[in-house]
Amino acid sequence: MKPSDELVELIGPYLSRQRWAVRGDTDLAPVEILDHEAILDSTPALLWLLVGAAGSTYQLLVGLRPEAEQVPAGERDILGTVSGPDGPLVAYDALIDPELSRLLASRVVEGGLPEDAHVRSVGAEQSNSSIVFDERVIVKFYRRLQRGVNPDVEVATGLDRVGFNHLASPLGVWHRDEYDLAVAQEFLAGGTEGWALALTSLRDLYACDDDDPAAAGGDFGAESRRLGEMTAKLHLALAEAFGTSPADTGEWLAEIEPRLAGLEAGDLARARALAGRVTGLDSPGPSIRVHGDYHLGQVMRTETGWFVLDFEGEPARPLETRRRPWPALKDVAGMLRSFGYAAAVALADRGEATPELAERGRSWERHNRGLFLDGYLATPGVEDLVPQGEAFDAVLAFFELDKALYELGYERAHRPEWTRIPLAAIDRLLTGG
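Residues numbered from 1 in each chain as written. Predicted model: local features only at pLDDT ≥ 70, side-chain atom pairs only at ≥ 80, totals over all residues. Heavy atoms only, no water.

Colleague: Tell me about the pattern of salt bridges, and please be specific about residues and values.
Modeller: Within the structure shown, the criterion is met by 31 salt bridges. Arg-324 is the salt-bridge partner of Glu-255, the closest N and O atoms lying 3.7 Å from each other. Linking Glu-255 in helix α6 (residues 249-260) with Arg-324 in the loop between α8 (319-323) and α9 (329-350), this pair joins segments that are 69 residues apart in sequence. Assigned by exposure class, Glu-255 and Arg-324 land together as buried. Here Glu-411 makes a salt bridge to Arg-415, at a shortest N to O gap of 2.9 Å. On the accessibility criterion, Glu-411 (2% relative accessible area) is buried. Residue class for Arg-415 comes out partly exposed when judged on its relative accessible area of 22%. Within this structure, Asp-35, Glu-37, Arg-107 and Arg-176 form a network of salt bridges that share partners. (Salt bridge = Lys/Arg side-chain N within 4 Å of Asp/Glu carboxyl O. Helix = DSSP H or I, 4+ residues; strand = E, 2+ residues; numbered from the N terminus. Buried < 20%, exposed > 50% of the residue type's maximum accessible area, 1.4 Å probe, protein only.)

Dropping the structure here:
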(Lines give C-alpha, C1' and ligand atoms only; values in the text may rest on other atoms or scores of the structure.)
Protein backbone atom coordinates (compact mmCIF):
# COMPACT_ATOMS: atom_id res chain seq x y z
CA MET A 1 0.00 0.00 0.00
CA LYS A 2 1.54 3.30 -1.11
CA PRO A 3 0.59 6.41 0.88
CA SER A 4 -2.09 8.29 -1.05
CA ASP A 5 -1.80 11.93 -2.05
CA GLU A 6 -4.64 12.63 0.40
CA LEU A 7 -2.63 11.17 3.27
CA VAL A 8 0.55 13.01 2.31
CA GLU A 9 -1.40 16.31 2.38
CA LEU A 10 -2.36 15.63 6.01
CA ILE A 11 1.16 14.97 7.26
CA GLY A 12 2.44 18.57 7.40
CA PRO A 13 -0.40 19.89 9.61
CA TYR A 14 -0.17 16.73 11.74
CA LEU A 15 3.55 17.27 12.35
CA SER A 16 2.95 20.90 13.28
CA ARG A 17 0.84 19.72 16.25
CA GLN A 18 3.54 17.43 17.66
CA ARG A 19 5.94 18.47 20.40
CA TRP A 20 8.58 16.13 18.94
CA ALA A 21 8.61 17.99 15.62
CA VAL A 22 10.85 20.94 14.83
CA ARG A 23 9.04 24.30 14.72
CA GLY A 24 5.99 22.72 16.31
CA ASP A 25 3.96 25.90 15.89
CA THR A 26 4.35 25.96 12.08
CA ASP A 27 2.77 23.96 9.26
CA LEU A 28 5.61 21.74 8.07
CA ALA A 29 4.20 21.15 4.58
CA PRO A 30 5.33 20.27 2.01
CA VAL A 31 6.63 16.88 3.08
CA GLU A 32 8.51 14.21 1.18
CA ILE A 33 7.95 10.47 1.59
CA LEU A 34 11.49 9.10 1.76
CA ASP A 35 10.52 5.46 2.34
CA HIS A 36 7.42 3.50 3.23
CA GLU A 37 6.13 0.02 4.01
CA ALA A 38 2.65 -1.41 4.35
CA ILE A 39 3.14 -3.45 7.53
CA LEU A 40 -0.54 -4.46 7.49
CA ASP A 41 -2.52 -4.13 4.27
CA SER A 42 -6.01 -4.93 5.52
CA THR A 43 -8.50 -3.47 8.02
CA PRO A 44 -7.08 -1.99 10.10
CA ALA A 45 -4.17 -1.01 7.88
CA LEU A 46 -0.77 -0.03 9.20
CA LEU A 47 1.76 2.10 7.33
CA TRP A 48 5.35 2.80 8.27
CA LEU A 49 6.56 6.09 6.79
CA LEU A 50 9.90 7.84 6.70
CA VAL A 51 9.11 11.49 6.09
CA GLY A 52 11.26 14.50 5.28
CA ALA A 53 9.97 17.93 6.37
CA ALA A 54 11.73 21.28 6.91
CA GLY A 55 15.15 19.65 6.89
CA SER A 56 14.33 16.96 9.45
CA THR A 57 13.43 13.28 9.12
CA TYR A 58 10.55 11.69 11.02
CA GLN A 59 9.21 8.21 11.59
CA LEU A 60 5.42 8.05 11.27
CA LEU A 61 3.35 5.01 12.20
CA VAL A 62 -0.08 5.46 10.67
CA GLY A 63 -3.17 3.36 11.35
CA LEU A 64 -6.21 3.41 9.05
CA ARG A 65 -9.69 2.34 10.10
CA PRO A 66 -13.21 2.96 8.74
CA GLU A 67 -14.89 6.08 10.08
CA ALA A 68 -17.54 3.96 11.77
CA GLU A 69 -14.96 2.32 14.03
CA GLN A 70 -14.25 4.20 17.24
CA VAL A 71 -10.62 5.25 17.57
CA PRO A 72 -9.81 6.43 21.14
CA ALA A 73 -7.71 9.35 19.98
CA GLY A 74 -7.24 12.99 20.84
CA GLU A 75 -6.98 15.77 18.30
CA ARG A 76 -3.20 15.55 18.24
CA ASP A 77 -3.34 11.83 17.36
CA ILE A 78 -5.54 12.19 14.25
CA LEU A 79 -4.10 12.99 10.84
CA GLY A 80 -7.52 13.23 9.18
CA THR A 81 -9.86 11.38 6.82
CA VAL A 82 -8.82 9.80 3.53
CA SER A 83 -10.66 7.82 0.86
CA GLY A 84 -10.67 4.04 1.07
CA PRO A 85 -11.93 1.31 -1.27
CA ASP A 86 -15.11 0.87 0.80
CA GLY A 87 -15.57 4.40 2.14
CA PRO A 88 -13.77 7.03 4.23
CA LEU A 89 -10.90 5.96 6.51
CA VAL A 90 -9.58 7.72 9.58
CA ALA A 91 -5.78 8.08 9.56
CA TYR A 92 -4.27 8.22 13.07
CA ASP A 93 -1.16 7.55 15.12
CA ALA A 94 -0.95 3.75 15.21
CA LEU A 95 0.62 3.74 18.67
CA ILE A 96 -2.71 4.67 20.27
CA ASP A 97 -4.17 1.43 18.89
CA PRO A 98 -3.38 -1.63 21.10
CA GLU A 99 -3.72 -4.08 18.21
CA LEU A 100 -1.31 -2.17 16.00
CA SER A 101 1.07 -1.38 18.89
CA ARG A 102 1.47 -5.09 19.62
CA LEU A 103 2.21 -5.75 15.96
CA LEU A 104 4.86 -3.01 15.87
CA ALA A 105 6.43 -4.14 19.14
CA SER A 106 6.87 -7.63 17.71
CA ARG A 107 9.44 -6.10 15.35
CA VAL A 108 11.45 -4.76 18.29
CA VAL A 109 11.29 -7.27 21.16
CA GLU A 110 13.52 -10.29 20.74
CA GLY A 111 11.25 -13.33 20.98
CA GLY A 112 8.12 -11.24 20.44
CA LEU A 113 5.19 -10.59 22.77
CA PRO A 114 2.00 -12.51 23.60
CA GLU A 115 -0.85 -11.67 21.22
CA ASP A 116 -3.00 -10.64 24.18
CA ALA A 117 -0.32 -8.54 25.93
CA HIS A 118 -1.83 -5.63 27.84
CA VAL A 119 -0.90 -2.31 26.23
CA ARG A 120 -0.46 1.03 27.99
CA SER A 121 0.91 4.28 26.62
CA VAL A 122 3.33 6.14 28.87
CA GLY A 123 1.47 9.25 27.83
CA ALA A 124 4.10 11.94 28.48
CA GLU A 125 4.90 14.31 25.63
CA GLN A 126 8.49 13.56 24.68
CA SER A 127 10.78 13.36 21.68
CA ASN A 128 9.69 9.74 21.30
CA SER A 129 6.65 7.59 22.08
CA SER A 130 6.82 4.82 24.68
CA ILE A 131 4.42 1.90 25.09
CA VAL A 132 4.37 -0.55 28.02
CA PHE A 133 3.39 -4.18 27.47
CA ASP A 134 2.20 -6.41 30.36
CA GLU A 135 3.97 -4.02 32.78
CA ARG A 136 7.24 -5.81 32.02
CA VAL A 137 8.47 -4.48 28.66
CA ILE A 138 8.67 -0.88 27.45
CA VAL A 139 9.20 -0.12 23.77
CA LYS A 140 10.35 3.34 22.76
CA PHE A 141 9.64 4.43 19.18
CA TYR A 142 11.86 7.26 18.00
CA ARG A 143 10.07 10.07 16.20
CA ARG A 144 12.74 12.41 14.87
CA LEU A 145 15.46 10.37 13.20
CA GLN A 146 19.05 10.98 12.21
CA ARG A 147 21.27 8.67 10.20
CA GLY A 148 23.58 6.49 12.24
CA VAL A 149 23.42 4.72 15.58
CA ASN A 150 21.09 6.32 18.10
CA PRO A 151 22.97 7.22 21.31
CA ASP A 152 20.13 5.69 23.33
CA VAL A 153 20.95 2.29 21.84
CA GLU A 154 24.71 2.75 21.76
CA VAL A 155 25.17 3.99 25.33
CA ALA A 156 22.74 1.56 26.98
CA THR A 157 24.48 -1.35 25.24
CA GLY A 158 27.91 -0.08 26.28
CA LEU A 159 26.89 0.37 29.90
CA ASP A 160 25.33 -3.09 29.98
CA ARG A 161 28.61 -4.48 28.66
CA VAL A 162 30.66 -3.07 31.57
CA GLY A 163 28.15 -4.22 34.18
CA PHE A 164 26.50 -0.92 35.13
CA ASN A 165 23.28 -2.16 36.72
CA HIS A 166 21.38 1.08 37.25
CA LEU A 167 19.56 0.87 33.92
CA ALA A 168 16.80 -1.27 32.45
CA SER A 169 18.03 -4.33 30.57
CA PRO A 170 18.00 -3.98 26.74
CA LEU A 171 15.55 -6.43 25.10
CA GLY A 172 15.80 -5.60 21.40
CA VAL A 173 16.28 -2.95 18.72
CA TRP A 174 14.44 -2.24 15.46
CA HIS A 175 16.84 -1.11 12.71
CA ARG A 176 16.05 -0.18 9.14
CA ASP A 177 18.81 0.78 6.73
CA GLU A 178 20.77 3.60 8.41
CA TYR A 179 18.25 4.31 11.16
CA ASP A 180 17.50 3.03 14.65
CA LEU A 181 13.69 3.10 14.80
CA ALA A 182 12.85 1.70 18.25
CA VAL A 183 14.34 0.04 21.31
CA ALA A 184 12.83 -2.37 23.85
CA GLN A 185 13.86 -2.55 27.50
CA GLU A 186 12.80 -4.13 30.76
CA PHE A 187 10.02 -2.04 32.34
CA LEU A 188 10.85 -0.94 35.87
CA ALA A 189 7.55 -1.89 37.45
CA GLY A 190 6.74 -0.06 40.66
CA GLY A 191 9.28 2.67 39.98
CA THR A 192 8.56 6.37 40.39
CA GLU A 193 10.07 9.06 38.21
CA GLY A 194 12.39 11.46 39.98
CA TRP A 195 10.35 14.41 38.74
CA ALA A 196 7.20 13.10 40.45
CA LEU A 197 9.05 12.48 43.71
CA ALA A 198 10.53 15.98 43.66
CA LEU A 199 7.14 17.61 43.04
CA THR A 200 5.64 15.62 45.93
CA SER A 201 8.41 16.87 48.21
CA LEU A 202 7.87 20.47 47.10
CA ARG A 203 4.10 20.34 47.51
CA ASP A 204 4.62 19.14 51.07
CA LEU A 205 7.09 21.94 51.76
CA TYR A 206 4.82 24.63 50.28
CA ALA A 207 1.90 23.35 52.36
CA CYS A 208 3.67 23.09 55.73
CA ASP A 209 4.52 25.80 58.27
CA ASP A 210 8.30 25.32 58.21
CA ASP A 211 10.63 27.07 55.77
CA ASP A 212 13.38 24.48 56.27
CA PRO A 213 13.20 21.83 53.48
CA ALA A 214 14.99 19.31 55.72
CA ALA A 215 12.23 19.66 58.32
CA ALA A 216 9.35 19.00 55.92
CA GLY A 217 7.82 15.54 55.99
CA GLY A 218 8.56 15.01 52.31
CA ASP A 219 12.25 15.94 52.45
CA PHE A 220 13.97 14.87 49.21
CA GLY A 221 17.49 15.39 50.56
CA ALA A 222 18.45 11.75 51.18
CA GLU A 223 17.27 10.83 47.70
CA SER A 224 19.26 13.70 46.18
CA ARG A 225 22.42 12.37 47.83
CA ARG A 226 21.72 8.83 46.57
CA LEU A 227 21.00 10.22 43.12
CA GLY A 228 24.35 12.02 43.18
CA GLU A 229 26.11 8.76 44.06
CA MET A 230 24.38 6.90 41.23
CA THR A 231 25.25 9.68 38.79
CA ALA A 232 28.92 9.43 39.73
CA LYS A 233 28.82 5.65 39.17
CA LEU A 234 27.16 6.30 35.79
CA HIS A 235 29.99 8.59 34.74
CA LEU A 236 32.65 6.15 35.92
CA ALA A 237 30.95 3.40 33.89
CA LEU A 238 30.70 5.66 30.82
CA ALA A 239 34.42 6.41 31.09
CA GLU A 240 35.14 2.69 31.31
CA ALA A 241 32.87 1.80 28.38
CA PHE A 242 33.83 4.63 26.01
CA GLY A 243 37.12 6.03 27.31
CA THR A 244 38.17 9.59 28.08
CA SER A 245 39.57 12.37 25.90
CA PRO A 246 41.12 15.81 26.53
CA ALA A 247 38.68 18.66 27.07
CA ASP A 248 38.42 21.34 24.38
CA THR A 249 37.11 24.58 25.89
CA GLY A 250 37.18 26.26 22.48
CA GLU A 251 34.67 23.67 21.30
CA TRP A 252 32.44 24.46 24.30
CA LEU A 253 32.47 28.17 23.48
CA ALA A 254 31.68 27.53 19.82
CA GLU A 255 28.75 25.36 20.86
CA ILE A 256 27.23 27.92 23.25
CA GLU A 257 27.67 30.97 21.03
CA PRO A 258 24.51 30.52 18.86
CA ARG A 259 22.34 30.24 21.97
CA LEU A 260 23.85 33.39 23.49
CA ALA A 261 22.28 35.34 20.62
CA GLY A 262 18.88 34.95 22.30
CA LEU A 263 19.89 37.29 25.16
CA GLU A 264 19.45 41.03 25.52
CA ALA A 265 22.59 43.14 24.99
CA GLY A 266 23.38 43.66 28.69
CA ASP A 267 22.89 40.01 29.56
CA LEU A 268 24.81 38.95 26.46
CA ALA A 269 27.97 40.72 27.62
CA ARG A 270 27.75 39.22 31.11
CA ALA A 271 26.97 35.75 29.73
CA ARG A 272 30.00 35.87 27.44
CA ALA A 273 32.12 36.88 30.41
CA LEU A 274 30.76 33.98 32.49
CA ALA A 275 31.27 31.48 29.67
CA GLY A 276 34.73 32.85 28.99
CA ARG A 277 35.93 31.87 32.47
CA VAL A 278 36.67 28.39 31.09
CA THR A 279 39.21 29.82 28.62
CA GLY A 280 42.75 29.01 29.63
CA LEU A 281 41.91 26.68 32.51
CA ASP A 282 44.96 24.54 33.24
CA SER A 283 42.92 21.48 34.22
CA PRO A 284 39.30 21.58 32.99
CA GLY A 285 39.01 17.81 33.46
CA PRO A 286 38.59 15.10 30.82
CA SER A 287 35.66 14.61 28.47
CA ILE A 288 33.62 11.41 28.45
CA ARG A 289 30.45 10.12 26.86
CA VAL A 290 27.63 11.63 28.89
CA HIS A 291 23.90 11.16 29.20
CA GLY A 292 23.39 14.51 27.49
CA ASP A 293 19.84 15.32 28.66
CA TYR A 294 20.08 14.54 32.34
CA HIS A 295 17.23 15.71 34.57
CA LEU A 296 14.72 14.42 37.11
CA GLY A 297 12.47 13.07 34.38
CA GLN A 298 15.28 10.80 33.17
CA VAL A 299 15.77 8.91 36.44
CA MET A 300 13.51 6.50 38.28
CA ARG A 301 13.47 5.39 41.91
CA THR A 302 12.63 1.75 42.56
CA GLU A 303 12.79 -0.29 45.75
CA THR A 304 16.35 -1.28 44.77
CA GLY A 305 17.64 2.25 44.08
CA TRP A 306 17.91 4.86 41.35
CA PHE A 307 17.89 3.94 37.67
CA VAL A 308 18.79 6.11 34.70
CA LEU A 309 16.64 6.26 31.56
CA ASP A 310 16.87 7.46 27.96
CA PHE A 311 20.36 8.09 26.58
CA GLU A 312 19.09 9.76 23.42
CA GLY A 313 20.44 13.17 24.46
CA GLU A 314 18.80 16.45 23.50
CA PRO A 315 17.10 15.47 20.21
CA ALA A 316 17.18 19.02 18.83
CA ARG A 317 20.97 18.88 18.78
CA PRO A 318 22.79 17.18 15.85
CA LEU A 319 23.67 13.50 16.28
CA GLU A 320 27.39 14.32 16.04
CA THR A 321 27.05 16.74 18.95
CA ARG A 322 25.09 14.25 21.05
CA ARG A 323 27.71 11.53 20.54
CA ARG A 324 30.64 13.85 21.20
CA PRO A 325 32.46 13.50 24.54
CA TRP A 326 31.71 16.25 27.05
CA PRO A 327 32.73 16.95 30.64
CA ALA A 328 30.86 14.94 33.24
CA LEU A 329 29.71 18.26 34.71
CA LYS A 330 27.44 18.75 31.70
CA ASP A 331 25.15 16.06 33.16
CA VAL A 332 25.61 17.40 36.70
CA ALA A 333 24.52 20.85 35.51
CA GLY A 334 21.45 19.35 33.83
CA MET A 335 20.30 17.74 37.08
CA LEU A 336 20.94 20.89 39.10
CA ARG A 337 18.85 22.88 36.62
CA SER A 338 16.11 20.28 37.03
CA PHE A 339 15.92 20.99 40.77
CA GLY A 340 15.26 24.64 39.91
CA TYR A 341 12.60 23.73 37.36
CA ALA A 342 10.84 21.47 39.86
CA ALA A 343 10.65 24.26 42.45
CA ALA A 344 9.20 26.70 39.91
CA VAL A 345 6.67 24.26 38.43
CA ALA A 346 5.42 23.08 41.85
CA LEU A 347 4.92 26.69 42.90
CA ALA A 348 3.01 27.49 39.70
CA ASP A 349 0.83 24.40 40.22
CA ARG A 350 -0.03 25.66 43.69
CA GLY A 351 -1.39 28.90 42.21
CA GLU A 352 -0.08 30.98 45.11
CA ALA A 353 3.31 32.40 44.14
CA THR A 354 4.00 34.64 47.14
CA PRO A 355 7.58 35.91 47.69
CA GLU A 356 7.75 33.82 50.87
CA LEU A 357 6.85 30.61 49.03
CA ALA A 358 9.20 31.45 46.17
CA GLU A 359 12.07 31.78 48.65
CA ARG A 360 11.02 28.49 50.25
CA GLY A 361 11.33 26.88 46.82
CA ARG A 362 14.78 28.40 46.35
CA SER A 363 15.77 26.95 49.73
CA TRP A 364 14.59 23.53 48.55
CA GLU A 365 16.65 23.92 45.39
CA ARG A 366 19.82 24.92 47.30
CA HIS A 367 19.31 22.11 49.83
CA ASN A 368 19.00 19.41 47.19
CA ARG A 369 21.73 20.83 44.96
CA GLY A 370 24.14 20.63 47.88
CA LEU A 371 23.24 17.07 48.82
CA PHE A 372 23.35 15.88 45.20
CA LEU A 373 26.85 17.32 44.83
CA ASP A 374 27.88 15.83 48.20
CA GLY A 375 26.84 12.36 47.04
CA TYR A 376 28.45 12.83 43.64
CA LEU A 377 31.81 14.10 44.86
CA ALA A 378 32.09 11.57 47.70
CA THR A 379 32.02 8.65 45.24
CA PRO A 380 35.50 7.09 44.95
CA GLY A 381 37.11 7.65 41.55
CA VAL A 382 34.95 10.56 40.42
CA GLU A 383 37.70 13.02 41.35
CA ASP A 384 39.51 11.85 38.19
CA LEU A 385 36.58 12.97 36.03
CA VAL A 386 35.99 16.52 37.28
CA PRO A 387 38.20 19.60 37.71
CA GLN A 388 39.12 20.83 41.16
CA GLY A 389 38.81 24.14 43.01
CA GLU A 390 37.91 27.24 41.03
CA ALA A 391 38.00 25.26 37.77
CA PHE A 392 35.14 23.12 39.09
CA ASP A 393 33.02 26.22 39.72
CA ALA A 394 33.85 27.74 36.32
CA VAL A 395 33.03 24.58 34.34
CA LEU A 396 29.84 23.89 36.29
CA ALA A 397 28.63 27.48 35.81
CA PHE A 398 29.38 27.25 32.09
CA PHE A 399 27.23 24.16 31.63
CA GLU A 400 24.43 25.47 33.84
CA LEU A 401 24.32 28.56 31.62
CA ASP A 402 24.44 26.39 28.50
CA LYS A 403 21.52 24.30 29.77
CA ALA A 404 19.45 27.35 30.77
CA LEU A 405 19.99 28.87 27.32
CA TYR A 406 18.86 25.61 25.71
CA GLU A 407 15.77 25.65 27.93
CA LEU A 408 15.06 29.26 26.96
CA GLY A 409 15.08 28.39 23.26
CA TYR A 410 12.85 25.40 23.86
CA GLU A 411 10.31 27.31 25.94
CA ARG A 412 10.15 30.18 23.46
CA ALA A 413 9.30 27.68 20.72
CA HIS A 414 6.87 25.47 22.65
CA ARG A 415 5.72 27.02 25.96
CA PRO A 416 6.23 30.79 25.92
CA GLU A 417 4.54 31.17 29.31
CA TRP A 418 7.38 29.13 30.86
CA THR A 419 10.25 31.30 29.59
CA ARG A 420 10.32 33.00 33.00
CA ILE A 421 11.88 29.83 34.50
CA PRO A 422 15.10 29.73 32.44
CA LEU A 423 15.25 33.55 32.37
CA ALA A 424 15.27 33.65 36.17
CA ALA A 425 18.01 31.00 36.25
CA ILE A 426 20.11 32.93 33.74
CA ASP A 427 19.71 36.09 35.80
CA ARG A 428 20.88 34.29 38.96
CA LEU A 429 23.88 32.83 37.15
CA LEU A 430 24.90 36.20 35.75
CA THR A 431 24.42 38.12 39.00
CA GLY A 432 25.69 35.45 41.36
CA GLY A 433 22.30 35.29 43.08
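After presenting the structure, the write-up continues.
Colleague: Summarise the pairing of strand β1 (residues 32-40); cite the residues concerned and give the values.
Modeller: Looking along a regular strand, one sees the side chains alternate between the two faces of the sheet. Looking at chain direction, β1 and strand β2 (residues 45-53) are connected through seven bridges and run antiparallel. Opposite Ala-38, over in β2, you have Leu-47 as the bridge partner. Linking two consecutive strands that pair antiparallel, namely β1 and β2, is a turn of four residues. (Pairing = 2+ DSSP bridges.)

Colleague: So what's going on with the environment of Asp-93? Residues and values would help.
Modeller: Inspection of the secondary structure puts Asp-93 in strand β5 (residues 87-93). Setting aside residues up to four positions removed in sequence, Asp-93 forms contacts with Tyr-14, Leu-61, Asp-77, Leu-79 and Arg-143. (Contact = heavy atoms within 4.5 Å.)

Colleague: Mind laying out the packing of helix α5 (residues 221-242) against helix α10 (residues 355-377), listing which residues take part and the relevant values?
Modeller: For the pair α5 and α10, interaxial distance at closest approach is 7 Å and the crossing angle is 40°. Taken together, the axis directions place α5 and α10 in an arrangement best described as oblique. In this structure, α5 meets α10 at a crossing whose hand is right-handed. Residues Gly-221, Ser-224, Arg-225, Leu-227, Gly-228, Glu-229, Thr-231, Ala-232 and His-235 of α5 touch α10, and the partners they reach there are His-367, Asn-368, Leu-371, Phe-372, Asp-374, Gly-375 and Tyr-376. Partitioning the contact of α5 with α10 into residue classes produces five nonpolar, eight polar and three charged. (Axes fitted to C-alpha atoms, helices over the stretch in contact; angles between N-to-C directions. Parallel < 35°, antiparallel > 145°, perpendicular 65-115°, else oblique. Left-handed = near helix turned anticlockwise from the far one by under 90°. Nonpolar A, V, L, I, M, F, W, Y, C, P; charged D, E, K, R; others polar.)

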